[in-house]
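Read off the chains here:
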Amino acid sequence: MQHLEATPRHLFFTGKGGVGKTSVATATAIALADGGRRVLLVSTDPASNLDEVLGVALGPSPTAISAVPGLAALNIDPEAAAHAYRERIVAPYRGVLPAAALRSIEEQLSGACTVEIAAFDEFSKLLGDPAATAEFDHVVFDTAPTGHTLRLLELPAAWTGFLTDNVGGASCLGPLAGLKAQQALYAAAQRTLTDPTATRIVLVSRAERASLREAARTAGELHALGVGDLSLVINGVFAARDLTDPIAVALAQRGVQALAEMPPELAGLPRSEVALLPFGLVGVPALRALFTGAGDMTPDLSQGPTTANVPPLDALLPELERRGHGVIMTMGKGGVGKTSVAVAIAVELARRGHPVHLTTTDPAAHVQEALGGPVAGIRVSRIDPVAETRAYADEVMRTAGAPLDPAGRALLAEDLRSPCTEEIAVFQAFARVVDEGEAGFVVIDTAPTGHTLLLLDATEAYHREVERSKGQVPEAVRALLPRLRDPEATRVLLVTLPEATPVHEAAQLQKDLDRAGIRPFAWVVNQCLTPLVVTDPVLVQRRAREAQYLGEVASLSERMVVIPWSADR
Amino acid sequence: MSVTIQVFDPAMCCATGVCGPSIDPELARISADLEWLRGQGVAVERFNLSQEPGAFAGAPLVQQALQARGVECLPLVLVDGRIVAEGTYPARETLAALAGIVVQKPVAAAKACCPPKAVGEPKCC
């Protein structure tokens with residue numbers, strides 16, 4: 001395993017959703033611990049599934065993993081971090097300031113900005129404060145899917161720049177005078193990230209074109225951030241054992257071809273390959289076997305494949321098009337195929353004569369690529385955080401900035417340079433897109449779960465703020481939450497794969513949505529072997545395992561459709 | 001003898017309010033006016049309830065106002081420790097007068113986009 005050679009203190013695993021970051025990061029942490037090192041494994045994904053993979057309930061501080069001496073793990077939970085952050089501010093004033101004043105502080109500190117900063121503070125401590133991780137030889141970060149992670153990796157530089165340049169004396173983080181310690185921490189985190197002797201970033205990819213392209217783009221962006229030591233892990237490499245099985249041959253062929261067309265940004269990187277296993281990567285023994293192939297991993301074949309007749313994706317169309325307009329959102333864990341499902345729905349609506357706006361909230365998504373080329377009746381766009389932030393800043397300067405004197409405008413421009421502005425700009429763009437669903441069809445491919453949850457949390461927090469706001473609130477923003485909650489106005493499609501982690505994460509997402517008053521319209525199980533005939537031993541075992549997860553989905557959903565596995569996803 | 005102006009803001013994200021879901025032009029305006037006062041040599045202190053609750057707890061008059069009238073009393077503006085405005089941000093002229101500053105030219109003159117107009121003419125901006 002190349003990425004385990006001369007391992008520096010910090011290891012980051014990143015990549016497109018669903019490529020197996022958590023499996024590879026966890027197997028790496030276990031391998032290091034088995035080699036006698038003391039290792040801390042950290043998930044920065046707001047929708048972490050480290051608990052399920054390790055079979056241990058984790059919290060925000062290190063929990064020792066008893067099955068692996070030397071290994072401890074923790075989850076950075078943004079909501080929990082924000083809660084702790086609020087408590088630190090509010091607790092000293094309980095009984096001192098009136099309850100209403102404390103409540104207004106807590107409400108103010110519930111926004112996306114606070115949540116992001118609180119999680120970022122925790123992350124910076126682990127990276128920038130050696131004392132916080134003194135008892136470990138290595139800190140291994142299992143990160144959220146690419147878009148979210150790039151943002152996290154950019155923040156040390158962004159906040160350091162903002163705090164250095166800001167002369168106004170205040171910021172979203174609080175009065176600048178009190179932030180000197182924070183500033184030193186962010187600067188240290190940035191130094192650690194860009195020091196190749198301290199940090200290695202491992203790009204995890206499948207042997208698939210889309211996944212490799214995203215890894216290549218990430219490599220480019222990481223170079224721009226000054227990150228020096230990159231390496232590549234290809235996960236789930238498959239070799240057909242039964243050459244009479246056309247599915248197996250196609251799957252193997254796809255992998256060989258994708259690797260042969262390796263993007264140039266990746267070709268020069270140290271590379272490791274991990275084989276596709278017939279079993280799910282849950283539990284320490286399975287994770288140990290990921291790199292070694294050892295151990296008795298005979299799967300349970302007692303459960304035969306389901307013969308239940310589950311309808312295909314097209315079965316959803318009559319109900320989706322009934323009103324002639326509306327918002328259709330695909331949601332789910334990274335890598336389950338949200339974008340391809342969104343594209344398929346948009347294409348089918350357009351084919352039936354409806355004009356469609358197809359867009360995405362995922363900073364790392366490439367809808368246009370997935371669509372292949374222009375399609376009559378489909379307009380494609382994306383919510384680009386950089387462009388939205390610039391447009392928002394221009395708009396504010398044009399409106400609220402107009403009556404101010406030059407010094408006042410300079411002050412306003414300075415506040416607009418705060419990294420917080422991006423949150424609100426993206427949120428407003430999202431509100432505008434949802435607003436379009438009143439007049440036509442809008443299909444929204446959302447960012448991976450964690451990122452989307454933060455967007456929905458922000459929607460709720462902002463909704464409360466809007467209700468007591470004195471400022472000018474765009475109608476699209478005021479109506480956003482009620483529209484998302486209206487099952488007629490917004491159809492949420494939960495996309496998942498017939499595997500343990502994606503199904504359990506989608507179930508968790510359904511619960512989170514329920515708390516926000518949003519009910520999914522249907523579940524879409526993507527890349528199913530069940531409707532197909534396979535004979536290759538690895539695929540037969542994988543197909544057999546699907547029955548259990550399709551059964552789980554059936555019991556969780558009001559409507560369920562499946563999409564058969566296909567080599568040209 | 002210079003005066004000290006203290007502004008106790010309600011709980012908010014940042015002083016200009018640009019981080020919130022809606023822009024309140026009043027917040028951008030008062031930030032600019034306070035910056036202007038600083039430029040005139042006035043000591044200006046500004047406290048955001050969500051970031052510096054300690055300042056609110058440590059100012060007896062502010063404490064009393066909060067106890068008696070709740071967070072609706074914010075923003076509170078104090079000049080040399082006396083409350084001069086409650087629930088609203090005073091205009092630049094008012095702030096200047098409270099600080100004992102003679103304003104050279106009216107603030108409206110800064111709006112260079114509008115030529116001076118007679119009373120009753122339609123406004124251009």
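Residues numbered from 1 in each chain as written. Chains lettered and ligands numbered in written order. Predicted model: local features only at pLDDT ≥ 70, side-chain atom pairs only at ≥ 80, totals over all residues.

Student: Which residues make up the overall build of chain B, and what are the values?
Tutor: Counting its regular elements, chain B contains 4 helices and 4 strands. For chain B, the α and β elements follow one another from N to C terminus as β-α-β-α-α-β-β-α. Classification of the 125 residues of chain B by burial places 41% in the buried group. A separation threshold of at least 6 residues defines the contact pool for chain B, and within that pool the share at least 24 residues apart is 54%. (Helix = DSSP H or I, 4+ residues; strand = E, 2+ residues; numbered from the N terminus. Buried ≥ 20, exposed ≤ 12 C-beta atoms within 10 Å, placed from the backbone. Contact = placed C-beta atoms within 7 Å.)

Student: I'd like a rundown of the overall build of chain A, residues and numbers included.
Tutor: Within chain A, the secondary structure is distributed over 21 helices and 17 strands. Restricting the contact set of chain A to residue pairs at least 6 apart, pairs at least 24 apart contribute 77%.

Student: Report on the sheet that holds strand β15 (residues 490-496) of chain A, specifying residues and quantitative values.
Tutor: Residues and elements named next belong to chain A. Read from one edge of the open sheet, 7 strands run β13-β12-β14-β11-β15-β16-β17, paired in parallel fashion. Whereas interior strands pair on both sides, the edge strands pair on one side only; in this sheet they are β13 (378-380) and β17 (560-564). For this sheet, the mean inter-axis angle between neighbouring strands, taken without regard to orientation, is 20°. In the sheet, β15 pairs with strand β16 (residues 522-528) via 4 bridges, with the strands oriented parallel. Across the sheet, residue Leu494 finds its bridge partner in β16, namely Trp523. Helix α13 (residues 338-351) contacts β11 (326-331), β12 (356-360), β13, β14 (441-445), β15 and β16 of the sheet and is inclined by roughly 165° relative to β14. (Pairing = 2+ DSSP bridges. Axes fitted to C-alpha atoms, helices over the stretch in contact; angles between N-to-C directions.)

Student: Now, about unusual backbone geometry: what can you tell me, with residues and values included?
Tutor: Cis geometry is found at the peptide bond from Leu74(B) to Pro75(B), where omega equals 0°. Relative to the elements of secondary structure, Pro75(B) occurs in the loop between α3 (60-69) and β3 (76-79). For Gln527(A), which is not glycine, the phi dihedral falls at a positive 55°. Along the chain, the position of Gln527(A) falls in strand β16. A positive phi angle, close to 50°, is found at Asp80(B), a residue other than glycine.

Student: Residues and numbers for the sheet that holds β3(B), please.
Tutor: All names here are of chain B. Strand order across the open sheet formed by 4 strands is β2-β1-β3-β4, with mixed pairing between neighbours. The sheet is open, and its two borders are formed by β2 (43-48) and β4 (82-86), each paired with just one other strand. Going across the sheet, the axis of each strand differs from the next one's by a mean of 20°, ignoring polarity. Pairing geometry for strand β1 (residues 4-9) and β3, over 4 bridges, is antiparallel. The residue of β3 that forms the bridge with Ile5 is Val79.

Student: Any details on the confidence of the model for chain A? Residues and values, ideally.
Tutor: With 86% of its residues at a pLDDT of 70 or more, chain A has an overall mean of 84. Here residues 299-305 of chain A scores under 50 on pLDDT; set against residues more than four positions off or in separate chains, the count is 15 contacts. (pLDDT = per-residue confidence, 0-100.)

Student: Please give an account of the environment of Ser557(A) that cites residues and values.
Tutor: Residue and element names in this part refer to chain A. Along the chain, Ser557 falls in the loop between α21 (537-556) and β17. Spatially, the C-alpha atoms of Ser557 and Gln510 are 9.3 Å apart, while their sequence positions differ by 47 residues. Apart from residues lying up to four places away in sequence, Ser557 is in contact with Ala522 and Trp523.

Student: Tell me about the pairing of β1(B), residues and numbers included.
Tutor: Residue and element names in this part refer to chain B. In terms of residue burial, β1 counts as a mostly covered element, since 5 of its 6 residues are buried. Of the pairings in the sheet, the one linking β1 to β2 comprises 6 bridges and is parallel in character. Within β2, the position partnered with Phe8 by the bridge is Phe47.

Student: Which residues make up the packing of helix α15 (residues 385-398) of chain A against helix α17 (residues 420-436) of chain A, and what values do they have?
Tutor: All names here are of chain A. As a packed pair, α15 and α17 sit with axes 8 Å apart at the nearest point and diverge in direction by 95°. By the angle between their directions, the pair α15 and α17 is classed as roughly perpendicular. Note on element contacts: α17 touches α15 through Thr421, Glu422, Ile424, Ala425, Val426, Gln428 and Ala429, opposite Pro385, Glu388, Thr389, Tyr392 and Ala393. Of the residues contributing to the contact of α15 with α17, the split by class is 7 nonpolar, 3 polar and 2 charged. (Parallel < 35°, antiparallel > 145°, perpendicular 65-115°, else oblique. Nonpolar A, V, L, I, M, F, W, Y, C, P; charged D, E, K, R; others polar.)

Student: Let's hear about the nonpolar core: which residues, and what values?
Tutor: All names here are of chain A. Grouped together as the largest cluster of nonpolar side chains are 97 residues, with contacts concentrated most on Ala346, Val443 and Leu493. Tallying contributions element by element places α17 first for this core, with 9 residues. Aside from chain neighbours lying at most four places away, what touches Val443 is Ile328, Ala342, Ile345, Ala346, Val356 and Leu358. Counting residues in each nonpolar core, the second largest holds 62 residues, with Phe12, Leu54, Ala207 and Ile234 among its members. (Core = buried A, V, L, I, M, F, W, Y, C linked by C-beta atoms within 7 Å.)

Student: Describe the confidence of the model for chain B, listing the residues and the values that go with them.
Tutor: Residues and elements named next belong to chain B. Looking at chain B, pLDDT values average 78 and 72% of them are 70 or higher. Here helix α1 (residues 25-39) is the element of chain B with the lowest mean pLDDT, 87, and β3 is the one with the highest, 95. As a predicted assembly, this complex carries a pTM of 0.74 together with an ipTM value of 0.75.

Student: Describe helix α1 (residues 21-34) of chain A, with residues and values.
Tutor: End to end, α1(A) covers 20 Å across 14 residues, agreeing with the expected 20 Å (1.5 Å per residue, within 8%). Gly36(A) sits one or two positions beyond α1(A) and adopts a positive phi of about 95°. (Expected span 1.5 Å × (residues − 1).)

Student: Go over the pairing of β14(A), please, and point to the residues and values.
Tutor: All names here are of chain A. Where burial is concerned, most of β14 is hidden: 5 out of the 5 residues are buried. Burial of β14 is two-sided: the residues Phe441, Val443 and Asp445 facing one way and the residues Val442 and Ile444 facing the other way are all buried. Here β11 pairs with β14 via 5 bridges, running parallel. The residue of β14 that forms the bridge with Met329 is Ile444. Sheet analysis places β12 next to β14, joined by 5 bridges and oriented parallel.

Student: Before we move on, could you go through the environment of His357(A) and cite the residues and values that matter?
Tutor: Residue and element names in this part refer to chain A. Mapped onto the elements of the fold, His357 is located in strand β12. For His357, a count of 19 C-beta atoms within 10 Å puts it in the partly exposed group. In this structure the C-alpha to C-alpha distance between His357 and Ile65, which are 292 residues apart in sequence, comes to 48 Å.

Student: Go over the environment of Val426(A) with me, naming the residues and quoting the values.
Tutor: Residue and element names in this part refer to chain A. With respect to the helices, strands and loops of the structure, Val426 is situated in helix α17. With 37 residues separating them in the primary sequence, Val426 and Thr389 have C-alpha atoms 7.2 Å apart. Contact partners of Val426, with chain neighbours within four places excluded, come to Ile383, Pro385 and Glu388.

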